Structures are given as structure tokens and as C-alpha cells.
Amino acid sequence: MTITLAIPSKGRLKDKAIETLAEAGIRVEPAADARSYRTTVSGFDGLDVLLLSASEIARQLRDGAIDFGVTGEDLIRESIPEPETAVAIVARLGFGHADVIVAVPEAWVDVETMDDLGDVAGAFRAKHGRRLRIATKYWRLTQSHFTRNHGIQSYRIVESLGATEGAPAAGSADVIVDITSTGATLKANHLKVLSDAPILRSEACLVRSKTRRRCEEDGDLADRFETRFAERTKA
Ligand SMILES: Nc1ncnc2c1ncn2[C@@H]1O[C@H](COP(=O)(O)OP(=O)(O)OP(=O)(O)O)[C@@H](O)[C@H]1O
Ligand SMILES: O=P(O)(O)OC[C@H]1O[C@H](OP(=O)(O)OP(=O)(O)O)[C@H](O)[C@@H]1O
């Protein structure tokens, strides 16, 4: 009988995830070899804890390759086409808070809302000979926000795998969709967030895979793991 939980292998979410498990009485010690992605677990028999990248955790939950994962809701909503059918959010963990937002150059004084940006996008081709370019790693969230929620059709997504806030100044995009928490990176790059509600208010979550195939015993173990977490949040 074993169930698998993946937690981020680095960055701001890793230590908090380990602390949160400790609050639920589960101690996770990364393997002695710092390059290893295995851990030693005590306090919950039958639980394997793996260290994976935050975005890989979302994909493995989708594919049913792990039972549980701790990762950002932004990555869940971005990586999984129909999140409600593939995964269940068991608990919001109260850390890793960040908003997925649309930001435009501060110099665009007439653009404060998505409606304003829609007007700009509509006129962009006539004015500049090309569509408005949006730099992001959040393709799915961007398309659903622009097209489905705001009816904006004329834009092009430019994939950005890092330093997205630098894209407008570098000339590779006009606006961006990215995550922000303090706002410092946006400010340093002379970008402003639109005044509408963010695309998503994200935080780290404990997530259960619904596509994982488990035997009955492992299903029971997974339920007990969830209960342990619920007890922790009540404490
Ligand atoms: N500035 C921030 N403040 C708080 N949480 C953040 C912030 N930036 C990112 N996060 C959260 O942490 C998650 C993972 O970020 P992290 O930087 O560890 O991964 P990554 O390097 O972007 O992804 P990967 O390792 O999978 O390539 C984000 O998706 C988000 O949920
Ligand atoms: O609103 P802020 O607090 O400035 O945070 C926003 C930045 O944080 C994340 O980057 P990443 O985790 O790569 O960088 P960081 O560790 O420097 O924040 C994200 O992609 C933003 O670039």
C-alpha cells in the first residue's frame, strides 16, 4: 500500500510545503544527496514524497501519475484543460499567494481596463500593421480571459519562458500576462496592472488526482491522508 505526494523541488513553495506537512505530523527529509528527488518520510506509513518542479506536479496530477501534489493553483488551471474533472483541490494552504494579471506599459495612459485594451487590440493592426502581442507562459488562461471573458479576438500570444516582464521593453511583445505578488518586478519594468479583477488569485494548494487508478487499499490510504490534512487546518 503506497500513495505518492509530490512537492516542489525548489523555490518559495518547497520549504513551506515541508512546513505544512510537519503541521500535519508528517516529517519529510530530502535525501542526503541534494541532487536526489527522493525523500525520507516519517509520521504517515505508506506515503512516498517526491520532489518535482511545480509545473510538472500539475501535469502529473492531470495524468494520474501521482496521487497528491502541492503546487500553485495557477499551474493547475494552466496545465489542465478541465481541472474539475481531472483533479480536486483538497486544501488551500495559505502560502504562495500571487495574482495572474494583465499588465501594460505605464506609458499607455489611456489603458486602464480590459475594455480599453480591447479597443487598442481592435485598432492595432490598422495602426501598426500587426496584431497586439501578449507575452506569457499562461496560454490557456490568457486565451480564456481575452477571448471567452472579454470577446477580444485580435491578438497574438508570444510564448515567454522567463523574464516575461522584460518583453515589452525588449520589443518582443506589447503587453504581458504573468504572476505577481509584491508588484516589484512590474514596477521595475515600468508596467502597470489593469484595474479589473485579476485573471486568477492563486495560492499553493494540496491537490488530489481524480485520474489516478488506485486499488481499494490505496484509495482508503488517500482518504486518510486527506483527513489528516483536514485535521491540521482545524487545529
Ligand atoms: N512572486 C511570487 N510570489 C508568490 N508565489 C509565487 C510567485 N511567483 C510564483 N509563485 C508561485 O510559485 C509557483 C512556482 O514558481 P517557481 O518559480 O517555483 O516555479 P517555476 O520555476 O516557475 O516553475 P518550474 O520549476 O516548474 O519551471 C508559481 O506558479 C506560483 O504559483
Ligand atoms: O510581484 P513580484 O513580487 O515582483 O513577483 C513577481 C515575479 O515572481 C515570479 O518570478 P520568479 O519566481 O522567477 O522570480 P523571483 O524569485 O525573483 O520573484 C514571477 O514570474 C514574477 O516575475
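Only a predicted model underlies this, so the values are computations on that prediction, with no experimental measurement involved.

Trainee: How would you sum up the side chain of Glu73? Please name residues and give values.
Mentor: Assignment of secondary structure puts Glu73 in helix α3 (residues 73-79). Given the relative accessible area of 5%, Glu73 is considered buried. A distance of 2.5 Å separates the side chain of Glu73 from the side chain of Arg92, its partner in a polar contact. Excluding anything up to four places from it in sequence, Glu73 contacts Ile89, Arg92, Leu200, Arg201, Ser202, Glu203 and Cys205.

Trainee: I'd like to hear about the packing of aromatic side chains, residue by residue, with values.
Mentor: For the coordinates displayed, the defined rule picks out 4 aromatic pairs. Judged by centre distance (5.6 Å) and plane angle (80°), the rings of Phe44 and Phe225 are edge-to-face. Placement of Phe44 in the loop between β3 (39-42) and β4 (47-52) and of Phe225 in helix α9 (residues 216-234) is noted, with a sequence separation of 181 residues between them. Considered together, Phe44 and Phe225 belong to a single accessibility category, that of buried residues. For the pair Phe146 and Tyr155, a centre-to-centre distance of 5.3 Å together with 50° between the ring planes defines the contact as tilted. The two residues Phe146 and Tyr155 agree in class, both being buried. An aromatic cluster of at least three residues, connected via ring pairs, comprises Phe44, Phe68, Phe225 and Phe229.

Trainee: Go over the site of ligand 2 with me, naming the residues and quoting the values.
Mentor: Neighbouring residues of ligand 2: Arg12, Glu165, Asp178, Ile179, Thr180, Ser181, Thr182, Gly183, Ala184 and Thr185. Between an oxygen atom of ligand 2 and a side-chain N or O atom of Arg12, the distance comes to 2.8 Å. Within the backbone of Gly183, an N or O atom sits 2.8 Å from an oxygen atom of ligand 2. In isolation ligand 2 exposes 490 Å². Once the protein is present, 57% of that is buried. For the shell around ligand 2, the secondary-structure elements that each account for two or more residues are β10 (175-180) and α8 (184-188). Sorting elements by how many residues they give to the shell around ligand 2 places β10 first, with 3 residues.

Trainee: Report on the sheet that holds strand β13 (residues 204-209), specifying residues and quantitative values.
Mentor: As summarised here, the arrangement of the 5 strands in space is β4-β1-β5-β13-β6, forming an open sheet in which the pairing is mixed. Every other strand in the sheet has two partners, leaving β4 and β6 (87-92) as the edge strands with one partner each. Within the sheet, the average angular offset between the axes of one strand and its neighbour, ignoring direction, is 30°. Summarising the sheet, strand β5 (residues 68-72) and β13 pair through 5 bridges and their orientation is antiparallel. Bridging across to β13, Gly72 finds its partner in Ala204. Along the sheet face, helix α1 (residues 11-23) touches β1 (3-8), β4, β5 and β13 and points at about 140° away from the line of β1. Strands in contact with helix α2 (residues 54-63) are β1, β4, β5, β6 and β13; relative to β5, the strand with the most contacts, it is inclined by about 135°.

Conventions and cut-offs
- Residues numbered from 1 in each chain as written.
- Chains lettered and ligands numbered in written order.
- Predicted model: local features only at pLDDT ≥ 70, side-chain atom pairs only at ≥ 80, totals over all residues.
- Heavy atoms only, no water.
- Helix = DSSP H or I, 4+ residues; strand = E, 2+ residues; numbered from the N terminus.
- Buried < 20%, exposed > 50% of the residue type's maximum accessible area, 1.4 Å probe, protein only.
- Polar contact = N/O pair within 3.5 Å; in protein donor to acceptor, adjacent residues only side chain to side chain.
- Contact = heavy atoms within 4.5 Å.
- Phe/Tyr/Trp six-rings, centres within 6.5 Å; stacked < 30°, edge-to-face > 60°.
- Near = heavy atom within 4 Å.
- Areas by Shrake-Rupley, 256 points an atom, 1.4 Å probe, with all protein chains shown as cover.
- Pairing = 2+ DSSP bridges.
- Axes fitted to C-alpha atoms, helices over the stretch in contact; angles between N-to-C directions.

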